[in-house]
Amino acid sequence: MAKILIIDDDPDMVLATRMCLESGGHQVVDASSPAEGLQKVKSEKPDLLVLDVMMDTATAGFQTALTLRSTDADSEFAAFRRMPIIMLTAIHSTTPLRFGPDSEYLPVDTFVDKPLDPDKFLKTVNELLASRK
Amino acid sequence: MENPLQARPAGGGNPADVASASTRLIWTRWAAGLLVLAATAISVRAVGLPLPERPLYLIGLSILAYNSLLVVLAPRLATPDSEDYLRRLRRFVILQVALDWASMIAFVHLTGGVTSPAIPFFGIHMLMVTILLPVPTPYFYVGLAGGALGLLSILERSGRLAHYNILPALPPGLFRDPLYILAVIAFFLAASAATVVLAADVMERLRERERQVAALLQTTQAISSTLSLPEVLQRLTVSAAHALREQRASIRLLDETGEKLPMVAAYGLSEAYQTKGPVVVRRSSIDDEALSGKVVYVRDAAADPRIQYPEFIVREGIGSMIVAPILGRSGPLGVLRVYSSRPDGFAQDAAAFAQAIARQGAVAIENALAHEALQREDQLRAQFVRTVTHELRGPVGGAQSLLRVLIKTSQASLTETQRDILARVEVRLDALQSLINDLLALAVSKTVGFQETATPQALQPVLHRIIEQIAAEATDKQIDLALDSPDETLLVRGTEDGLAQIYGNLIGNAVKFTPSGGRVTVHVAEVDGQAVTTISDTGIGIPEQDLPRLWQEFFRASNARASKIVGTGLGLSIVKRLVETFGGRIQVHSLEGQGTTFTVWLPLSETSSSG
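These figures come from a predicted structure and were not determined experimentally.

### A word on the confidence of the model for chain B
All names here are of chain B.
Next, step 1: The pLDDT averaged across chain B works out to 87; a share of 95% of its residues lies at or above 70.
Next, step 2: For chain B, the element scoring lowest by mean pLDDT is helix H1 (residues 4-7), at 44; strand E11 (residues 585-591) scores highest, at 95.
Next, step 3: Considering only residues more than four positions removed or in separate chains, one finds that residues 1-12, a stretch of pLDDT under 50, has 25 contacts.
Next, step 4: Prediction confidence for the complex, expressed as pTM and ipTM, is 0.58 and 0.81 respectively.

Below, the structure is given as structure tokens:
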């Protein structure tokens, strides 16, 4: 039972993820833009973050993750650097960086392909949460 | 850029030409020597002329003798690449000329001295010397020959040398007559000098033509070996300047409005001159005239009233310039200017030559512009495809996700019919998503830019990943899925995505179209510098009549369509495109009802050590 924040500008994806996670016993809060999302990270202090890869621009998702994981000493998100981040991405995307996160380059823990496979998604979320305990 | 075009002096400058002329001279000399012998024999025996036989035979034989020496010496002249080759070649030629001069004088002496009918033979020598050696050497030779003839006449006249009168009809004292001697020598010198002047002029023009042709060829090669517009323009300015034996040139191209002529390339010009100010076509009569198709030769740039910025002309030290129009297929593109520091500093045909160069330039510039336009279009198309698929994927993905979650969370409360309908909707949405993905893959494989992103890729890891992903499905259907590949990693040219597409499709199809309990084998081998992969299955096979159309977009074999197996019909067309883009080929063998084998050949990018 964890508090999960989902940042996605597609309300249908938000609903689908919410229903899936709630059926797995988690509490869900959502935000529909990177700005709102970063606000809610500070105010809600979630245990895990689900982030859509592309919102307004092709790099909005990555930018958000980079901000959260910033190594700046005086970053306002310093407390959340260890928070697990799952990135929702489209399969066969023509943007690079598709195969698996590389901690050197990518500030997320794992990718999950859209459309959602509810069972696999829940499994991934639970495993990530367990690894952080 | 080096400038070999300017290094060659006029007249006898090209080592290859001099070498071949020298060889021809040697061959001509064989004939000359034999001719002397034959002519002497015939004149004495058949015609009965009072010739000094033995000395003449001696001359003929000595000509043949020193020619043999020259033949032996010729190949030892030093290798054609060495720096002093031309110098040694010239000295060799001078040696030949000197020997010929000596034998000619001797021959003239033996055939009557100043009364010899053989004196005109010197004309041949004059021509050869003018062809072989640069001015002023030929004139020097004229002086030497005339001087030798004069000396000979004086020596014979004073009795110190014998005189041979070979034409009995000639008055016996003729060779002593001072007027006769003077007249012969005067006409000899005049005729020889005239010959040299004319021959030198012809040689000069020939050499200049040769140089121009070579310059034009070099220019064409330089500018058409690149499709980058800045490269083309830069090379054109440099080539044009050197071709006209100058050090400064510039190119101005019409901008989109067609009213201004900004400078797009410059060679040898100062920064200040390049940025002096805009050239507006209507206000520059020189450029206006040029753009209408005429080459303009500005003889005295400093004093010409048509010049827009005279103070810059003076400061830059420009004396004269040629402005040649660059004419494209559908209109003028701009102008090419070549500058000289001297007023009236260009040769007569320089303007026409500049025009020829500008014409070549126009072709190369238009090619580069077309290439740029193509690349821009390609980028726009790729962007469009990406945008469209993203726009399509979003809604479909959202609908799929919701549907799946609905099905999962409301299993218990659904009726049979409701469950059935939801399942059908899910199938249709999955098919739609699949189609969108395939269309995107197909569109990407058709972009020109895609081909340029191929790099060496390890083949086996891609196959392993694909098989891992398909393993679950194979196990579900109890299909034996096996990979057999060599230990050493094979590197093929391609993209990671592309290879994943190719093998994902082929292996996925194999599992998809093989019924329960069947077998799919993937075999990799290195053969003749290619990675050969065979994907064989014991599936439903492909009917023979469908094989030719297998690679067509949206084509599905009749038995595939009849089965319940879903598919877009795009997979194989994508695979074939990708394989061919990576330089390989693909083949299929199949027996309906028994199985199918696909074979893919991909060229190896380089030999690799065991991985």
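### Considerations on the nonpolar core
Residue and element names in this part refer to chain B.
Next, step 1: Residues Ala240, Leu244, Leu336, Val338 and Ala354 are the most contacted members of the largest nonpolar core, which totals 50 residues.
Next, step 2: Broken down by element, this core gets its largest block of residues, nine residues, from helix H12 (residues 350-409).
Next, step 3: The contacts of alanine 240, once residues within four sequence positions are left out, are Thr219, Ala249, Leu336, Val338, Ala354 and Ile357.
Next, step 4: Counting residues in each nonpolar core, the second largest holds 41 residues, with Ile436, Ala441, Ile507 and Val511 among its members.

### Things to note about the packing of helix H4 (residues 85-110) of chain B against helix H6 (residues 137-157) of chain B
For any two helices packed against each other, one specifies the inter-axial angle together with the distance between the axes.
Residues and elements named next belong to chain B.
Next, step 1: At a minimum axis separation of 11 Å, H4 and H6 run at an interaxial angle of 30 degrees. Here H4 is positioned roughly parallel relative to H6, judged by the angle of their axes. For the crossing formed where H4 meets H6, the hand is right-handed. Across the interface between the two elements, Val97, Trp101, Ile105, Val108 and His109 from H4 touch Tyr141, Leu144, Ala145, Ala148 and Leu152 from H6.
Next, step 2: Grouping the amino acids of the contact of H4 with H6 by side-chain chemistry returns nine nonpolar, one polar and no charged.

### Focus: unusual backbone geometry
Next, step 1: With omega at -5 degrees, the peptide bond leading from A:Lys114 into A:Pro115 counts as cis.
Next, step 2: In the segment running from B:Val135 into B:Pro136, the intervening peptide bond is cis, with an omega of 15 degrees.
Next, step 3: Mapped onto the fold, B:Pro136 is located in the loop between helix H5 (122-132) and H6.
Next, step 4: The residue A:Lys45 is not glycine, and still its phi comes out positive at about 50 degrees.
Next, step 5: The residue A:Lys45 is located in the loop between helix H2 (34-44) and strand E3 (48-52) in this model.

### As for helix H2 (residues 15-47) of chain B
All names here are of chain B.
Next, step 1: Over its 33 residues, H2 runs 45 Å from end to end, which matches the ideal 48 Å to within 8%, given 1.5 Å per residue.
Next, step 2: Residues Val18, Leu25, Arg29, Ala32, Gly33, Val36 and Thr40 constitute the buried set of H2.
Next, step 3: Of the surrounding secondary structure, the elements contacted by the buried residues of H2 are helix H3 (53-73), H4 and H5.
Next, step 4: Glycine 48 sits one or two positions beyond H2 and adopts a positive phi of about 85 degrees.

### Section: the sheet that holds strand E2 (residues 27-31) of chain A
Residue and element names in this part refer to chain A.
Next, step 1: In spatial order, the strands read E2-E1-E3-E4-E5; together these five strands make up an open sheet with parallel pairing. Two strands bound the open sheet, and with one partner strand each, they are E2 and strand E5 (110-114). Neighbour to neighbour, the strand axes of the sheet diverge by 25 degrees on average, direction disregarded.
Next, step 2: On the sheet, helix H3 (residues 60-68) packs against strand E1 (3-7), E3 and strand E4 (85-90) and is oriented at approximately 150 degrees with respect to E3.

What counts, and at which threshold
- Residues numbered from 1 in each chain as written.
- Chains lettered and ligands numbered in written order.
- Predicted model: local features only at pLDDT ≥ 70, side-chain atom pairs only at ≥ 80, totals over all residues.
- pLDDT = per-residue confidence, 0-100.
- Helix = DSSP H or I, 4+ residues; strand = E, 2+ residues; numbered from the N terminus.
- Contact = placed C-beta atoms within 7 Å.
- Core = buried A, V, L, I, M, F, W, Y, C linked by C-beta atoms within 7 Å.
- Buried ≥ 20, exposed ≤ 12 C-beta atoms within 10 Å, placed from the backbone.
- Axes fitted to C-alpha atoms, helices over the stretch in contact; angles between N-to-C directions.
- Parallel < 35°, antiparallel > 145°, perpendicular 65-115°, else oblique.
- Left-handed = near helix turned anticlockwise from the far one by under 90°.
- Nonpolar A, V, L, I, M, F, W, Y, C, P; charged D, E, K, R; others polar.
- Expected span 1.5 Å × (residues − 1).
- Pairing = 2+ DSSP bridges.

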